[in-house]
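# Examination of the molecular architecture
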Amino acid sequence: MNPKHVSDLRALVGDPSRVIVNPQIVEQLSRDFYWYSPVLRRQLDGKLGEVVLQPLDAIEIQKILRYCYANDLPVTARGAGTGNYGQAVPLQGGVVLDLSRVDRIESITSEGVAVCQPGVRLGALESEACRVGWELRCYPSTIIKASVGGFLGGGSGGIGSVKNGNLRDFQTVRALEVVTMEPEPRVVLHEGEKVHDILHAWGTNGIITRIWLALAPAVNWSQCVVGFGTFSAAFDFSEKIATDPVWDKRLVTVFEWPIPSFFTPILQYAPEGKTLIFFMIASSQLAGLEGAAREAGGVVTQSGVYPGLNARPLLSDYTWNHTTLWAMRTDKAYTYLQCGFNPDTARDQMRRLRERFGTEILFHMEFMKNGDGRVIPGAIPLVYYTTEERLNEMIDFCREIGVFVANPHVNNVEGGGRYRADNVQLLAKQRYDPKGLLNPGKMITFHAEAATGATRK
Ligand code: FAD
């Protein structure tokens, strides 16, 4: 980057400590968890921003974007960098816009809507919400580190999704404000259905600066681990609990053996050879759940009241995409897929996958409610990676037998499987980022010349 840009940006921000050019820090803040994918690792290693800016509010963000627009500088938004498709990795250098200091919780309304800035950590929001009788409807297993803005920009769901659906369901995101990348950047409010223009667009069509997030009434939760001798018995039991609305649950996760053997800090709860189910269940139903588990042939290996994120063990630390992390610590060859099984034919789908790929695929199921209100067996199966061809063969086969795959081995919004068929994210990009400077290269259907504004110099 032309050194003049750095000195101009320093003058603009007014606080040199928030304009970072130190190569180690720039490198650190240019990376996310893309290395979960051997395919992305090859594509993204060495991709870096050139300067990191740490704004404090929307006004400063407007000033920065005005300058970057005028000077054709790419801008990649960053929350906490826990995304795992290289969403926050700048492909064309330029500015990394680190939003971690735009981190104020403005209010939690009496109707249970949190109003906050994007850099607020989800864990901080959960703690504050619990203090006043509310909790997050759903959160990623990275809750302690991940930001609200990054979850909206790149995440989808997690703990709580079995009860409340994913982030994009049931009007969980009530509204958000974005700053546009135009000659005069505007702050635009998106409410209701309009939030979908921006959600999961990887920061390619606006910088989210304010969020209205609906919460759920807080529940006194407990955690429980149950082991079963076979995957099939465990799956039957987990499905029964997950789909029966009588049970008030926040997490229903199934790990076939040997996945539990990867959880080194909690091996005392993982008897050799057993499939484990991790539950978060209303404390008032814990004894009932334990009884039902024993009746179904399960062994309860751990249970207790969940005191919050300081729980030890914190079972959520082993679920959702944390499972992949534990597997990779054991053997670097492991990677993963993100799947949705058909609730009516899941057993057959899994049988066919096992027949075709053996233990190259290991079943890790995460039950979640879909947008129609049906609880389905989502999954983040582990994949023992050998070649890209073999991985693609597995993805193709999944799709052939009706298993939905959101491919985590591609580095663009469209390829990831969460792109909206109505193109609203692309249409918003054409309006708000006509030069294509926001996280360039990540929305591949966008072409600057097709947008209404000016192209780059
Ligand atoms: P970042 O990685 O910093 O950013 C994510 C995307 O959003 C990037 O494209 C970035 O440019 C964009 N962005 C960031 N801030 C803004 C903003 N203010 N405006 C516009 N765009 C913005 N995801 C789940 O959904 N569920 C899970 O359970 C889950 N578990 C995970 C477990 C592990 C171990 C890991 C490594 C990842 C997991 N993820 C999961 C992925 C990731 O944690 C979530 O997507 C998380 O919400 C990202 O938050 P972040 O603050 O780190 O975002």
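In what follows, the structure referred to is the one given above.
Presented here is an overview of the structure given in this document.

Rules behind the numbers
Residues numbered from 1 in each chain as written. Predicted model: local features only at pLDDT ≥ 70, side-chain atom pairs only at ≥ 80, totals over all residues. Heavy atoms only, no water. Pairing = 2+ DSSP bridges. Helix = DSSP H or I, 4+ residues; strand = E, 2+ residues; numbered from the N terminus. Contact = heavy atoms within 4.5 Å. Axes fitted to C-alpha atoms, helices over the stretch in contact; angles between N-to-C directions. Buried < 20%, exposed > 50% of the residue type's maximum accessible area, 1.4 Å probe, protein only. Salt bridge = Lys/Arg side-chain N within 4 Å of Asp/Glu carboxyl O. Near = heavy atom within 4 Å. Polar contact = N/O pair within 3.5 Å; in protein donor to acceptor, adjacent residues only side chain to side chain. Areas by Shrake-Rupley, 256 points an atom, 1.4 Å probe, with all protein chains shown as cover. Nonpolar A, V, L, I, M, F, W, Y, C, P; charged D, E, K, R; others polar.

### Describing the sheet that holds strand 14 (residues 299-305)
Taken in spatial order, the eight strands make up an open sheet running 14-11-13-12-18-19-16-21, and their pairing is antiparallel. The sheet is open, and its two edges are formed by strand 14 and strand 21 (404-405), each paired on a single side. Note that strand 11 (residues 221-228) and strand 13 (residues 275-282) share eight bridges and pair antiparallel. Directly across from W221, in strand 13, lies its bridge partner A282. Across the face of the sheet, helix 8 (residues 231-243) comes into contact with strand 11, strand 12 (249-255), strand 13, strand 18 (364-369) and strand 19 (375-379) while running at roughly 165 degrees to strand 12. On top of the sheet, helix 9 (residues 286-295) reaches strand 11, strand 13 and strand 14; it is set at about 5 degrees to strand 11, its chief contact.

### Here's the deal with helix 10 (residues 322-330)
Burial of helix 10 is extensive: seven of the nine residues sit out of reach of the surface. Listed as buried for helix 10 are H322, T323, T324, L325, W326, A327 and M328. As for helix 10, its buried residues are in contact with helix 3 (38-44), strand 12, strand 15 (334-336), strand 18 and strand 20 (382-384).

### Let's talk about the pattern of salt bridges
Counted under the stated rule, the structure contains 26 salt bridges. Between E106 and R210 there is a salt bridge whose closest N-O contact spans 2.8 Å. In this pair, E106 is assigned in strand 5 (residues 105-108) and R210 in strand 10 (residues 207-217), connecting sequence segments 104 residues apart. By relative accessible area, which is 27% here, R210 ends up partly exposed. Note that D197 is salt-bridged to R431, the shortest N-O span being 3.4 Å. Highlighted residues: D197 in the loop between strand 9 (187-191) and strand 10 and R431 in helix 13 (residues 424-432), separated in sequence by 234 residues. The network of salt bridges with common partners includes R356, E360, R390 and E393.

### Considering the environment of G165
Assignment of secondary structure puts G165 in the loop between helix 7 (161-164) and strand 8 (173-179). On the basis of relative accessibility, which here comes to 0%, the residue G165 falls in the buried class. Residues G165 and R374 lie 209 residues apart in sequence; the distance between their C-alpha atoms is 9.0 Å. Apart from the residues within four sequence positions on either side, G165 is in contact with C138, G160, F170 and K369.

### So, the site of the ligand
In the neighbourhood of the ligand, 36 residues make up the surrounding shell, with A77, T82, S147, S156 and G157 lying closest. Between an oxygen atom of the ligand and a main-chain N or O atom of S156, the distance comes to 2.7 Å. Between the ligand and W202, the relevant distance is 3.1 Å, taken from an oxygen atom to a main-chain nitrogen or oxygen of the residue. Relative to its unbound accessible area of 970 Å², the ligand is 97% covered by the protein chains. The dominant element in the shell around the ligand, judged by the number of residues it contributes, is helix 6 (residues 148-154), at five residues. Considering only residue class, the shell around the ligand consists of 14 nonpolar, 21 polar and one charged.

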